[in-house]
Amino acid sequence: MIQIRKAKVSDVEAIFDLIQLYAEQGLLLARTRESLYQNLQAIFVAVKDNKVVGSASLHILDKQLAEIRSLVVAEDQGKLGIGKRLVEKVVDETKNLEIDKLISLTYQVEFFSKCGFEVTVKDTMPQKVWIDCIHCPKLHNCDEIAMVYYTKQLV
Ligand SMILES: CC(C)(COP(=O)(O)OP(=O)(O)OC[C@H]1O[C@@H](n2cnc3c(N)ncnc32)[C@H](O)[C@@H]1OP(=O)(O)O)[C@@H](O)C(=O)NCCC(=O)NCCS
């Protein structure tokens, strides 16, 4: 059984290792252990048999905008629905905080589409979205796709 819960300090090494694995493949930005500790309250983990098998974090950018960051699922646990459950948790948290839009900068367009996100235009994102990009090796040739989830469904 998979449990999705808030991260604890004892989860940080496992979260760090998962992110590092995919950061080395250029799929997401690396995170320092320090940044994981500093943002621990905004990080969720997926736990299976007492082992962290996935993680995702919610980064608030402003009154109306948040970003899902560092979404990872262990390679041997892929395609079991864990990633989707982590995204749902982050979406719920975004709704609870009454934030209207949740964005993702990603290569995983099909996965995020299945989680209710839609592709949007990168240029419309406010400058603060790009602040962390200065740490990215792909700064000047970023090919990530911007996607958005609207927490308030229009009727
Ligand atoms: C992307 C990632 C989080 C997906 O996690 P996952 O647990 O395998 O995804 P799920 O099993 O919840 O998949 C949900 C749906 O998306 C589909 N899906 C998952 N990964 C996919 C992919 N790479 N391409 C196409 N569809 C994908 C699944 O088949 C499933 O479809 P279904 O609902 O029709 O059955 C995981 O592959 C991962 O950690 N990738 C490396 C890091 C990364 O790129 N993170 C995203 C950074 S923004």
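Structure shown above.
A short tour of the structure in this document, coming up.

The 7 strands are arranged 1-2-3-4-5-7-6 in an open sheet whose pairing can be described as mixed. Looking along the sheet, the strands with just one partner apiece sit at the ends: strand 1 (2–6) and strand 6 (118–119). Relative to strand 3 (residues 51–62), helix 1 (residues 12–24) is tilted by about 80°, and along the sheet it contacts strand 2 (43–48), strand 3 and strand 4 (65–73). In the packing of helix 3 (residues 82–96) onto the sheet, contacts are made with strand 1, strand 2, strand 3, strand 4, strand 5 (101–106) and strand 7 (145–150), and the angle to strand 4 comes to roughly 160°.

Turning next to unusual backbone geometry. Positive phi, normally seen in glycine, also occurs at D49, with a value near 50°. Its place among the elements puts D49 in the loop between strand 2 and strand 3. For K79, which is not glycine, the phi torsion reads 60° and is therefore positive. With respect to the element layout, K79 can be found in the loop between strand 4 and helix 3. When its relative accessible area of 88% is taken as the criterion, K79 is described as exposed.

Tallied over the full model, the rule gives 3 aromatic pairs. Following the ring pairs from residue to residue traces out a cluster consisting of F111, F112, F117 and Y149. Stacked on the ring of F16, the Lys or Arg R33 has its end atom at 3.9 Å from the ring centre.

Where a strand is regular, its side chains alternate between the two sheet faces. For strand 2, the tally of buried residues reaches 5 of 6 residues, placing the bulk of the element in the interior. Sheet topology note: the strand 1/strand 2 ladder contains 5 bridges and is antiparallel. In the strand pairing of strand 2, K6 is matched with F44. The loop that links strand 2 with its antiparallel partner strand 3 comprises 2 residues; one of these, D49, has a positive phi angle of about 50°.

What counts and how
- Residues numbered from 1 in each chain as written.
- Predicted model: local features only at pLDDT ≥ 70, side-chain atom pairs only at ≥ 80, totals over all residues.
- Heavy atoms only, no water.
- Pairing = 2+ DSSP bridges.
- Helix = DSSP H or I, 4+ residues; strand = E, 2+ residues; numbered from the N terminus.
- Contact = heavy atoms within 4.5 Å.
- Axes fitted to C-alpha atoms, helices over the stretch in contact; angles between N-to-C directions.
- Buried < 20%, exposed > 50% of the residue type's maximum accessible area, 1.4 Å probe, protein only.
- Phe/Tyr/Trp six-rings, centres within 6.5 Å; stacked < 30°, edge-to-face > 60°.
- Lys NZ or Arg CZ within 6 Å of the ring centre and 35° of its normal.

These results come straight from atomic positions and should not be treated as a statement about function.
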